[in-house]
Amino acid sequence: MTSRFFAAGYSDSDSASEEELVSSSEEEEQLGSSSDEDQSESDSEFGSDSDDSDDSSDDDGGRIRGPSYFLKKSHDDDDSSDDEDTKKVVKSAKDKMFDELSSCIDIVSLAQLDGDWIKVSSEFDRLVRLVNRAQQQNMGVPKIYIKAVAQLDKAITDVQEAEKESKKNMNASVAKSFNIVRQRIKKVAKEHSAQIQLFRADEDAFDRETSETPSGTATPSIDGFKVVGKDGKATGTPEVADVFKTLETILASRGKKNVDLASQIAELEGLLLETTVPFQLISIYLMLIPLRFDLYGRSAYMPVAEWKLAEKNITALLAVLEANADKYAVTETGVATEDLSIEPKANDKGVKVMIGSVASLVERLDDELTKSWQSIDPHATEYVERLKDESLIYTLIVKCQLYYESITPASEFATVAGEQLARVVLRRLDHIYFKPSKLIIYSEEVAWTTLGGKAESVVFGKYSASSEDSKYASGLIDALCSVLYKQPNSVFRKRAVLSHIYYYAFNDEYFKARDMLLMSHLQSAIHTSDTQLQVLFNRALVQLGLCAFRSGLIAEAQQALQEIATSPRQKELLGQGAQRFQQQQTQVDKQRLLPFHMHINLELLECCFYTASLLIEVPAIASSPEYSRKRQQSTRSFRRTLEYHERQIFEGPPENTRDYIMDASVALQKGDWLKASDLLNSIKIWGLLKNQDSVKAMLREKLQVEGLRTYLFTCKSYYEKLSIASLAAKFELPERKVNAVISKMIYSEEINAALDQKAGCIVFIQGVEITKLQELALTLADKAVQMAERNERLAAGGHQNNQIGHQGNNNSGNSNNTHAHNSNSNIKLAPVTGALQSAPGTISGALNGMDRKYRKNHSRK
Amino acid sequence: MSVEINSSVVLKLVRVSEDAFPHSISGPVYGFENSVSHVYAFPGNHSEDATVRPNNVKFQSEVLDLLKQAHIGATAKGWFISAVGGKFLSQSLLESMLSQRAAKQESGDDSPVLLLVHDPSKQQQGILSLGAFTLSENFLNVATSKEKYTTKNLNANDLSYKNILQEIPIKVHNPHLINLTIQELTIEDDHNILNLSNSATAAYTTIDQLFETVDNFNYNQGNFHYYQRSLSRELPKISQWKQKAKLENLNKLKANPELTEKDLVSLDDWSKHIKLPTEPSRFENLVLSGLLNNYCNDLESSGVSELLKTFSTQKGLDI
């Protein structure tokens, strides 16, 4: 209570202090007495809440009790605007309420006299509602209301008595309303029993008080605003205790319902202007900034203006901390003092360490920005506007990092104390890891210019125009990550390494990124980590695949991209959207999504994957028609898409990326590499790649080679000899290259051929390939082996290895059961012998000369 | 016992199954006593696995009614089925045959249910592959007994995959008019029998089917392994319990030698305390084994003729 009032006093004095500074004590006394008056008047009108009805605090320097509720309100509200006006408004609101109440009560009592209980019932409902509203606005319970309730109560009992005597019944609906009112009154009377008793005890006195009200309410309105100075303390610099009392009250009300956060913020803002004591300033900031976040905790994101205010506050806090670096420090490891007002003891360096977390504040601010990115439509200009704020937060993060660097010795980076630094560094990394170096440099430039010339970082030197751009960017990332790698908490290390991999992959350093991914051993345990980390892992992996593609490492690219590109949930996997059919998204799910500017283009991803698949699959399909059946799932999606494409009755010109690729693969299958290359190069999405020309050139070259391979596979059974020179001309490749490709194919036994170097041609050897029947026979042999194994197991009683030992054990106890076992195996063995009898005959022929291939198959498995 | 089949029935069978090839087709056959006089294919699509589906029962009885209206006193004799490489055997087929047999017995007809099997793949080489089967006594005994398809029961009735069905010799009967017509025909020998082309495509499908059956068989075997293992876990428990019971009995006898058998714990009471896992039905296994047998026999027989051709060609060409 008291402190609330204090708060009121201070916020008043903001506006009034200049005049009040010189106001004499007399004036104050006078004012004090006027406020006393004011209090008694309003007290008489609005009975104060039961809990403070007869508090003794009235005597300490004219502080207002009950009415202080609405007085305080008025002060809070008017903070920035003209005092007089607002006060009038507030008063009139109260007056209005009062008028409404009294008119309502009049109607009720009139209706009651008429015996119109239906009207009484409805009006009484309204009355109760009004009073509730009054209570919500901290106006207390008006006495006229108590009076009305008491009178009604009495009337009801009278009516009941009369009814009993006369035995005359009321009409049904009236009786119903009557009963309702009776019950209501009972309830209400119970709530305010104390006051009602008071009223009953001394009806006149109560009445007298009420009669005074109307005039009293208006009194403090016009000249009463000077009341602000009423308590002498409001003038001059606020005393230490008062600041902290306010803070404590706010602290106590935090997280509770029905707390007017806005007014608390305004109050704190007022306090800020008045004090210059660093300790107070820091304390106020530490309280104010979280309040700002609390205010919009429930909305989708913080409004931009509020966000900027919070940002300014944090910057100011950091400035204060920096200015007083030798006296005060704020960290999470600080020790909480018993009371807010007590300064913590200075440590050996003379620095007083306060508990608090600038890192959390910065993180929260960053989160709010992310939230706003998440909820703004990314195609609106608003999004772009908001994106500009990133440089603000980035600068703040750098600043915060510098602050932590200054208070944490470098030797402690790897300890718990360094964790706050690590958190800030992680945020910094989060902001830059997905950007091309030019953008990184840009934000660095902005940050360092804002920070001014003096600032210097331990972790990584500051940006200057002389430093080489790309080197600086990767150096920065390296340095940031190395801070995180030293952290004892594995979450930092994992995030750091994934961001690091992402960065390298993004900047075309495939081998570096791949080695890091392999050495991190993250794949094995990534399933158990939290979703965000998994998303980051997927992003890094996809980026790695794209990087491999750009560098012409087709097989690697296909491998890396495959799982995500073929997944129906790819959006979800990359944190770029929810599953299409997911029914409801929780708040948490939404927050997990990445803002639009961090997205990886899914079409590009698909395009790269399918192009890589095309280069791998088309020759493979040509090499063996049975191919699709044998190969593992990896290639299915491409095969399926291709088959679907081929089934299409009407083939229009290609429309989307996939159409282009499928048309290209059809062309390549026919050996028309030039058309395939044209089709692939006309895909528009390549424009997103930064080195699209070199990628296109790479693709063309790959298509020539794969076209050659496909051609050889398809035509090998039709030719006896092929001239290398003509092949080279057909595929526009140098003869050396053709030679190399063919040699490789011969070496890996993909084709059965020989190179005749003298004549410059390739000689195919026909009839070595196995036929389908032979292949079937081989599989049959496998199956037969399987069945034989099964039967052995059956004979062993279902166990795989310990046939003999097991039966020996059993024999002791169950001689009658072993018989069943034996007969059992007799029956079971029968079908297999049958199968085996016929099988070897079929197989042995096929195996002749085939064992070479067979063994090869086996070794592959 | 043999079955007499009208030549017109055979020709119709051949035509119908040729039309459906490579799919399978089935239908009811009608006739008198030990002869088959009429055959109709089931309407509708012919799926990969021909079965005697329940909704075909209606068709069956409708045809029978029509026959009666035409004053032909033929009765339902069973089914025909066209299948490549002996693929006809299936659980549902056997069950349908059983149920028809039961229905027949109810109406006082004790003739066996016939199953005519035709393999259209042999057709291309000018071979008529037609067989008539009926459910064997052993199988009937097992199927109608209480224990159904347990290993013990199979053993007791000496039923194995080889004798699920019993083959009946076929006699193809020509009506006299046809005999006369044939007499008038001059049949040219086109030496078709000397055709050396191979029947590899038929072998492909059979082998593919064989693979599938082997996989199913292995799967079924796995289930049985599981049963075996759980059984072997229970057996020691039983013997332990028996020993414990024996000891208890001895102690009781020592304490009071006048106890009669009744007061003692019977050693056969173990089933009250320990529950053995129930043996899975061996029916599927039986059918799969039968199928495997059919495929293998088919491959063997076709393989023999192929080999013969190969060797004779080799000899003839003097390679």
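In the block above lies the structure referred to throughout.
What you see is a predicted model, and the numbers here were worked out from it, not measured in a lab.

Some words on helix α2 (residues 56–69) of chain B
Residue and element names in this part refer to chain B.
Consideration 1: Taking 1.5 Å per residue, 14 residues should reach 20 Å; α2 reaches 20 Å between its end C-alpha atoms and fits that length.
Consideration 2: Taken as a whole, α2 has its buried residues at N56, Q60, V63, L64 and L67. All buried residues of α2 fall inside an arc of 100° around its axis, so they share one side. Away from the buried face of α2 by more than 90 degrees, exposed residues K58, L66, K68 and Q69 are located.
Consideration 3: In the core, the buried residues of α2 are packed alongside β2 (25–32), β3 (35–39), β4 (75–82) and α3 (91–106).
Consideration 4: Backbone geometry just downstream of α2 places H71 in the positive-phi region, at approximately 60°.

Digging into the packing of aromatic side chains
Residue and element names in this part refer to chain A.
Consideration 1: Under the criterion given, the structure shown has 17 aromatic pairs over all chains.
Consideration 2: Through successive ring pairs, a cluster of aromatic residues spans Y433, F434, Y502 and F506.
Consideration 3: Over the aromatic face of W307 sits the side chain of R386, whose NZ or CZ is 4.9 Å from the ring centroid.
Consideration 4: In this structure, K690 packs its charged tip against the face of F506, placed 5.3 Å from the ring centre.

Describing the sheet that holds strand β5 (residues 114–118) of chain B
Residues and elements named next belong to chain B.
Consideration 1: Pairing is mixed in the open sheet, where eight strands are placed in the order β7-β6-β5-β4-β2-β3-β1-β8. In this open sheet, the two edge strands, each paired with only one partner strand, are β7 (165–168) and β8 (170–173). For this sheet, the mean angle separating the axes of adjacent strands, direction not counted, is 35°.
Consideration 2: Pairing geometry for β5 and strand β6 (residues 130–135), over four bridges, is antiparallel.

Overview of the sheet that holds strand β6 (residues 753–756) of chain A
Strands pair in a sheet through their backbones, by hydrogen bonds, and they do so in one of two ways: parallel or antiparallel.
All names here are of chain A.
Consideration 1: Strands sit in the order β5-β7-β6 across an open sheet of three strands; the sheet is antiparallel. In this open sheet, the two strands that pair with only one neighbour each are β5 (721–723) and β6. Strand-to-strand twist of the sheet, defined as the mean angle between neighbouring strand axes without regard to direction, takes the value 20°.
Consideration 2: Direction of pairing for β5 relative to strand β7 (residues 761–764): antiparallel, over a ladder of three bridges. Considered in β7, the bridge of S723 is made with C761.
Consideration 3: Each of β6 and β7 is contacted by helix α33 (residues 735–747), which is oriented at about 145° to β6, the strand it contacts most.

What about the side chain of S37 of chain B?
All names here are of chain B.
Consideration 1: Relative to the helices and strands, S37 resides in strand β3.
Consideration 2: The class for S37 is buried, based on a relative accessible area of 16%.
Consideration 3: Separated by 2.8 Å, the side chains of S37 and H38 make a polar contact.
Consideration 4: Ignoring anything within four residues of it in the chain, the contact list for S37 reads V9, Y30, G31, F32 and A74.

With respect to the pattern of salt bridges
Pairs can form between side chains of opposite charge whenever their charged atoms are close.
All names here are of chain A.
Consideration 1: Counted under the stated rule, the structure contains 23 salt bridges over all chains.
Consideration 2: Its salt-bridge partner being E368, residue K371 comes within 3.6 Å of it at the nearest N-O pair. Taken together, the residues K371 and E368, both in helix α14 (residues 358–375) and three residues apart, mark about one turn of the helix. As far as the burial class goes, K371 and E368 line up, both buried.
Consideration 3: A salt bridge links E385 to K388; the shortest N-O distance between them is 3.2 Å. Taken together, the residues span about one helical turn, with E385 and K388 both in helix α15 (residues 381–388) at a distance of three residues.
Consideration 4: Owing to a relative accessible area of 47%, E385 belongs among the partly exposed residues under this scheme.

Some points on the environment of G760 of chain A
Residue and element names in this part refer to chain A.
Consideration 1: As for its position among the elements, G760 is in the loop between β6 and β7.
Consideration 2: Along the backbone, G760 and L722 are 38 residues apart, and their C-alpha atoms lie at a distance of 8.7 Å.
Consideration 3: Each residue touching G760, except ones within four places of it in the same chain, is listed here: L722, S723, I724 and A725.

Here's the deal with the nonpolar core
Consideration 1: Grouped together as the largest cluster of nonpolar side chains are 166 residues, with contacts concentrated most on V358, L614 and L727 of chain A.
Consideration 2: Top contributing element to this core by residue count: helix α26 (residues 602–623) of chain A, with 12 residues.
Consideration 3: Split by domain, this core shows at least three residues from each of two domains, domain 3 (240–360) and domain 4 (602–763) of chain A.
Consideration 4: Not counting residues up to four positions away in its chain, the partners in contact with L727 of chain A are L708, Y711, L712, L722, V738, I742 and I762 of chain A.
Consideration 5: With 43 residues, the next largest nonpolar core counts W79, L140, L159 and F283 of chain B among its residues.

Focus on the pairing of strand β3 (residues 328–331) of chain A
All names here are of chain A.
Consideration 1: Residues Y328 and V330 of β3 are buried on one face, and the alternating residues A329 and T331, pointing to the opposite face, are buried as well.
Consideration 2: With four bridges joining them, β3 and strand β4 (residues 352–355) adopt parallel strand pairing. Looking at the pairing, V330 lines up with M354 of β4.

Brief notes about the state of the cysteines
Consideration 1: Under the criterion given, the structure shown has zero disulfides over all chains.
Consideration 2: Cysteine C608 of chain A shares no disulfide, and the gap to the nearest cysteine sulfur, in C607 of chain A, comes to 5.6 Å.

Examining helix α23 (residues 554–565) of chain A
Consideration 1: Within α23 of chain A, the full set of buried residues consists of I554, A557, Q558, A560, L561, Q562, I564 and A565 of chain A.
Consideration 2: Contacts made by the buried residues of α23 of chain A are with α22 (531–550), α24 (570–573), α26 and α31 (692–715) of chain A.

Here's the deal with a nonpolar patch on the surface
Residues and elements named next belong to chain B.
Consideration 1: Together, L177, I178, L180, I182, L185 and I187 line one region of the surface with nonpolar side chains, adding up to about 620 Å² of accessible area.
Consideration 2: Position of I178 among the secondary structure elements: in helix α6 (residues 176–184).
Consideration 3: Accessibility expressed as a relative area gives 32% for I178, which makes it partly exposed.

What about the side chain of R427 of chain A?
Residues and elements named next belong to chain A.
Consideration 1: Topologically, R427 is positioned in helix α17 (residues 419–432).
Consideration 2: The buried category is assigned to R427, whose relative accessible area is 17%.
Consideration 3: Apart from residues lying up to four places away in sequence, R427 is in contact with E363, D366, D367 and I397.

The rules behind each value
Residues numbered from 1 in each chain as written. Chains lettered and ligands numbered in written order. Predicted model: local features only at pLDDT ≥ 70, side-chain atom pairs only at ≥ 80, totals over all residues. Heavy atoms only, no water. Helix = DSSP H or I, 4+ residues; strand = E, 2+ residues; numbered from the N terminus. Expected span 1.5 Å × (residues − 1). Buried < 20%, exposed > 50% of the residue type's maximum accessible area, 1.4 Å probe, protein only. Arc of directions from axis to C-beta. Contact = heavy atoms within 4.5 Å. Phe/Tyr/Trp six-rings, centres within 6.5 Å; stacked < 30°, edge-to-face > 60°. Lys NZ or Arg CZ within 6 Å of the ring centre and 35° of its normal. Pairing = 2+ DSSP bridges. Axes fitted to C-alpha atoms, helices over the stretch in contact; angles between N-to-C directions. Polar contact = N/O pair within 3.5 Å; in protein donor to acceptor, adjacent residues only side chain to side chain. Salt bridge = Lys/Arg side-chain N within 4 Å of Asp/Glu carboxyl O. Core = buried A, V, L, I, M, F, W, Y, C linked by side-chain atoms within 4.5 Å. Domains from an automatic or database assignment. Disulfide = S-S within 2.5 Å. Patch = residues over 30% accessible without salt bridge, like charges linked within 9 Å, V, L, I, M, F, W, Y side chains within 5 Å. Areas by Shrake-Rupley, 256 points an atom, 1.4 Å probe, with all protein chains shown as cover.

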